[in-house]
Amino acid sequence: AQTVTQSQPEMSVQEAETVTLSCTYDTSESDYYLFWYKQPPSRQMILVIRQEAYKQQNATENRFSVNFQKAAKSFSLKISDSQLGDAAMYFCAYRVNSNYQLIWGAGTKLIIKP
Amino acid sequence: KAGVTQTPRYLIKTRGQQVTLSCSPISGHRSVSWYQQTPGQGLQFLFEYFSETQRNKGNFPGRFSGRQFSNSRSEMNVSTLELGDSALYLCASSLSTGTNQPQHFGDGTRLSIL
C-alpha cells in the first residue's frame, strides 16, 4: 500500500530556533519524488521543497532542508531560524512514475512561539 | 503571472443537489489535478487532466466527474450530493504531467452540504 505517515500531529518551536518535522512513507516503486507543502490558515497549499528519490544529496531551500534516508523511507523537514510566518500545517507527500497522483500524509501543525 | 484561480470560494448546497466547481490554471500550465481535503480523511486525489484527457483517477464514486477544456481550464462536478461531500476542494496545476512536476495550488472551494 502507498502510505505517508507524519507521526507528529502538532509541534511547537520558539521563534528563531530550529525544528524538524518527521515523515515516513511506504512504496515499492524505485522512482519517485517527495514533497513538503505548507498550508497556512489562508488554506492555499504552498510547495516548500522537493526531493528526487534517485538523488542522494539532500535538497535545501534557504532555511528549509530535508534529511532523506531512502533505505529507511524517511523524509524529514528541518526549518532553521523559525519565523512567525512559518506557522502552518505541513504536509509530506510523494508521487510515483506509475501513478502521478500525490499521496499525502495527515499533516503536522507547526506553532511558532514568539 | 496570475496563480491558480478557483471559483467559487464558498458554496452551500443541500443533499441531492449537484454542484460544479471551476479551476483556471496558471497560464501555460496544461495539467490540472483535483483533491478533496476533509478533517477525517485528509487530502485525497480525485483526478488529473492533461490536454483535455483524464490521465488518472482516484478512488471516488462515479458521482464525482470532471473535464478539461482546450484552454486548460477545468471543472469538476459532483452529483447527488451527500453530507460526506462537505470538504475543501483544491485544484492544482503544473506545466505538464509527470512525477517531477511541482503542483501549484489554488485557494480551494469550501463546499458545505446541509
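Read on for an overview of the structure.

Cut-offs and rules
Residues numbered from 1 in each chain as written. Chains lettered and ligands numbered in written order. Predicted model: local features only at pLDDT ≥ 70, side-chain atom pairs only at ≥ 80, totals over all residues. Heavy atoms only, no water. Salt bridge = Lys/Arg side-chain N within 4 Å of Asp/Glu carboxyl O. Buried < 20%, exposed > 50% of the residue type's maximum accessible area, 1.4 Å probe, protein only. Disulfide = S-S within 2.5 Å. Helix = DSSP H or I, 4+ residues; strand = E, 2+ residues; numbered from the N terminus. Contact = heavy atoms within 4.5 Å. Buried area = accessible area lost by both parts, 1.4 Å probe. Nonpolar A, V, L, I, M, F, W, Y, C, P; charged D, E, K, R; others polar.

**Quick word on the pattern of salt bridges**
Residues and elements named next belong to chain B.
So, step 1. All chains considered together, the criterion is met by nine salt bridges over all chains.
So, step 2. A salt bridge links Glu75 to Arg73; the shortest N-O distance between them is 3.3 Å.
So, step 3. Classification of Glu75 by relative accessible area gives buried; the value is 16%.
So, step 4. By sharing partners, the salt bridges in this structure join Arg63, Glu82 and Asp85 into a single network.

**Some points on the state of the cysteines**
So, step 1. All chains considered together, the criterion is met by two disulfides over all chains.
So, step 2. Across a sulfur-sulfur distance of 2.0 Å, Cys23 of chain A and Cys92 of chain A are joined as a disulfide pair. Where Cys23 of chain A bonds to Cys92 of chain A through sulfur, the torsion about that S-S bond is close to -65 degrees, and the disulfide is left-handed. In this pair, Cys23 of chain A sits in the loop between strand 3 (19-21) and strand 4 (24-26) while Cys92 of chain A sits in strand 10 (residues 88-96), placing the two residues 69 residues apart along the sequence. For the pair Cys23 of chain A and Cys92 of chain A, one class covers both residues: buried.
So, step 3. Residue pairing for Cys23 of chain B: its cysteine sulfur links by disulfide to Cys91 of chain B, the two sulfurs lying 1.8 Å apart. Looking down the S-S bond of the Cys23 of chain B and Cys91 of chain B bridge, the torsion is -60 degrees, so its handedness is left-handed. Linking Cys23 of chain B in strand 3 (residues 19-24) with Cys91 of chain B in strand 9 (residues 87-94), this pair joins segments that are 68 residues apart in sequence. The pair Cys23 of chain B / Cys91 of chain B is uniform in exposure class, with both members buried.

**Considerations on the interface of chain B and chain A**
Often the size quoted for an interface is simply the accessible area lost on bringing the parts together.
So, step 1. Facing the 24 residues of chain B at the interface are 19 residues of chain A.
So, step 2. Where chain B abuts chain A, roughly 2000 Å² becomes buried across the two surfaces, and 49% of that area is made up of carbon and sulfur atoms.
So, step 3. Run the count over chain B and chain A and you get one salt bridge.
So, step 4. Between Arg95 of chain A and Glu48 of chain B there is a salt bridge; the shortest N-O distance is 3.7 Å.
So, step 5. Looking at the side of chain B that touches chain A, the elements that each hand over two or more residues are strand 4 (31-38), strand 5 (42-50), strand 6 (53-57), strand 9 and strand 11 (109-113) of chain B.
So, step 6. It is strand 5 of chain B that contributes the most residues to the side of chain B that touches chain A, three residues altogether.
So, step 7. Split by residue class, the side of chain B that touches chain A holds eight nonpolar, 11 polar and five charged.

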